[in-house]
Amino acid sequence: MNARPNILLVHGAWSDGSCWSAVIAQLQARGYNVTAPQFPETSLADDVSRLRHMLSLQDGPTVIVGHSYGGQIMTALGTDTQNAVGLVYIAAFGLDEGETIGALLQQGPPPPALAHLNIDSQGFAWVPEDDFLGHFAGDIDPVKAKVMFAVQQPLSMSTLEDVMGVPAWKALPTWYLVATGDEAIPPDGERAFAARMGATTVEIQSNHCAMVSHPDEVVSLIETAVTAITNESSN
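Residues numbered from 1 in each chain as written. Predicted model: local features only at pLDDT ≥ 70, side-chain atom pairs only at ≥ 80, totals over all residues. Heavy atoms only, no water.

Visitor: Teacher, can you tell me more about the pattern of salt bridges here?
Guide: Opposite charge on two side chains allows them to pair when their charged atoms are near. In total, this model carries 7 salt bridges according to the counting rule given. The salt bridge partner of Lys146 is Glu129, with a shortest N-O separation of 3.8 Å. Taken as a pair, Lys146 in helix α6 (residues 142–150) and Glu129 in helix α5 (residues 129–136) lie far apart in primary sequence, 17 residues in all. When salt bridges with common partners are traced through the structure, they connect Asp188, Arg191 and Glu203 into a single cluster. (Salt bridge = Lys/Arg side-chain N within 4 Å of Asp/Glu carboxyl O. Helix = DSSP H or I, 4+ residues; strand = E, 2+ residues; numbered from the N terminus.)

Here you go:
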């Protein structure tokens, strides 16, 4: 078994596991066992099933790091959190019991990154290129942002109506990175998620995809979580 927890990275909507590339490289260089699986985003149940499967494959305690809708996936683990010892939210949804993403987003005007979603015939939502480059990945080099656009994983619209059960953050310690320039999830919403779950919180000037534009800060928060968990387990 590893002396330190494993790191399991959960991508969000309109992304895939490659969005964590810079974070993975840094964590691997520091000796961490890192996994960044692909999530189908066909339904929240399918995504949670994938996460449970990946957790079952870990060789010991695991810190889960979720971005955006990836926070919804790890939150929906509820009380069944095999191998999980901590949750790190990166500009991510952290819903409470009875809430839905759709209802939260309807409390204000649509965020610029999500204002013109294209819904296909199978009920999957896609971010159009102009909004993806200008708002979703607005602080990322345009060449890299266009690659991200090309590999975007569409999100089933059904996930917006899935009602959260008992959230995993009520049972596990949490950390939260607020992206103050986020144009997909309102920063004040992120602050509210973090405060409600009692998360150790940092704020950085970043658009939505902080793990791409600010990997150093994301890695720093992950290591803060690992250190706290490791120290707690040794006491």
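Visitor: Looking at this model, I keep getting lost on the pairing of strand β4 (residues 84–90). Mind explaining?
Guide: Each regular strand displays side chains that alternate between the two surfaces of the sheet. Burial runs high along β4: 6 of the 7 residues are buried. Pairing of strand β3 (residues 62–67) with β4, which is carried by 6 bridges, proceeds in the parallel orientation. When the sheet's bridge partners are listed, Gly66 is paired in β4 with Tyr89. In this fold, the crossover linking β3 to β4 by way of helix α3 (residues 69–75) has right-handed handedness. (Buried < 20%, exposed > 50% of the residue type's maximum accessible area, 1.4 Å probe, protein only. Pairing = 2+ DSSP bridges. Right-handed = clockwise from strand over helix to strand, strands pointing away.)

Visitor: Before we go on, may I ask you to explain helix α7 (residues 187–197) in this structure?
Guide: Residue pairs three or four apart in sequence face the same way in an α-helix, which turns once every 3.6 residues. For α7, the complete set of buried residues consists of Pro187, Glu190, Phe193, Ala194 and Met197. One face of α7 carries all of its buried residues, which in axial projection span an arc of 115°. Exposed and facing more than 90 degrees away from the buried side of α7 are Asp188 and Ala195. Immediately beyond the C-terminal end of α7, within one or two residues, lies Gly198, with a positive phi of roughly 70°. (Arc of directions from axis to C-beta.)

Visitor: So what exactly am I meant to see when it comes to the side chain of Asp16 here?
Guide: Following the sequence through the fold, Asp16 ends up in the loop between β1 (6–10) and α1 (21–29). Despite being buried, Asp16 has no salt bridge partner; Arg50 is the closest side chain of opposite charge, sitting 11 Å away. A polar contact of 2.5 Å, which involves the side chain of Asp16, links it to the side chain of Ser18. With residues up to four places along the chain from it excluded, the contact list for Asp16 reads His11, Gln38 and Val151. (Lys, Arg positive; Asp, Glu negative; His and termini not counted. Polar contact = N/O pair within 3.5 Å; in protein donor to acceptor, adjacent residues only side chain to side chain. Contact = heavy atoms within 4.5 Å.)

Visitor: Sorry if this is basic, but what is going on with the sheet that holds strand β8 (residues 174–179) here?
Guide: Hydrogen bonds between backbone groups are what pair the strands of a sheet, and the pairing can be parallel or antiparallel. One open sheet accounts for 6 strands, arranged β2-β1-β3-β4-β8-β9; its pairing is parallel. Each edge of the sheet is formed by a strand with only one pairing partner; in this case those strands are β2 (34–35) and β9 (200–204). As judged from the 4 bridges shared by β4 and β8, these two strands associate in the parallel manner. The residue of β8 that forms the bridge with Ile90 is Leu177. Contacts from helix α2 (residues 44–56) reach β1, β2, β3 and β4, with the element oriented near 165° to β1. (Axes fitted to C-alpha atoms, helices over the stretch in contact; angles between N-to-C directions.)

Visitor: Looking at this structure, I do not really get the nonpolar core. What am I missing?
Guide: Considering soluble globular proteins, one finds that nonpolar side chains tend to be buried as a cluster. By size, the foremost hydrophobic cluster in this structure holds 73 residues, and its most contacted members are Ile7, Trp20, Leu51 and Ile222. With 7 residues, the top contributor of residues to this core is helix α9 (residues 215–234). With residues up to four places along the chain from it excluded, the contact list for Leu51 reads Leu8, Val10, Phe39, Ile64, Ile73, Met74 and Leu77. (Core = buried A, V, L, I, M, F, W, Y, C linked by side-chain atoms within 4.5 Å.)

Such coordinate-based values are descriptive only and should not be taken to indicate function.
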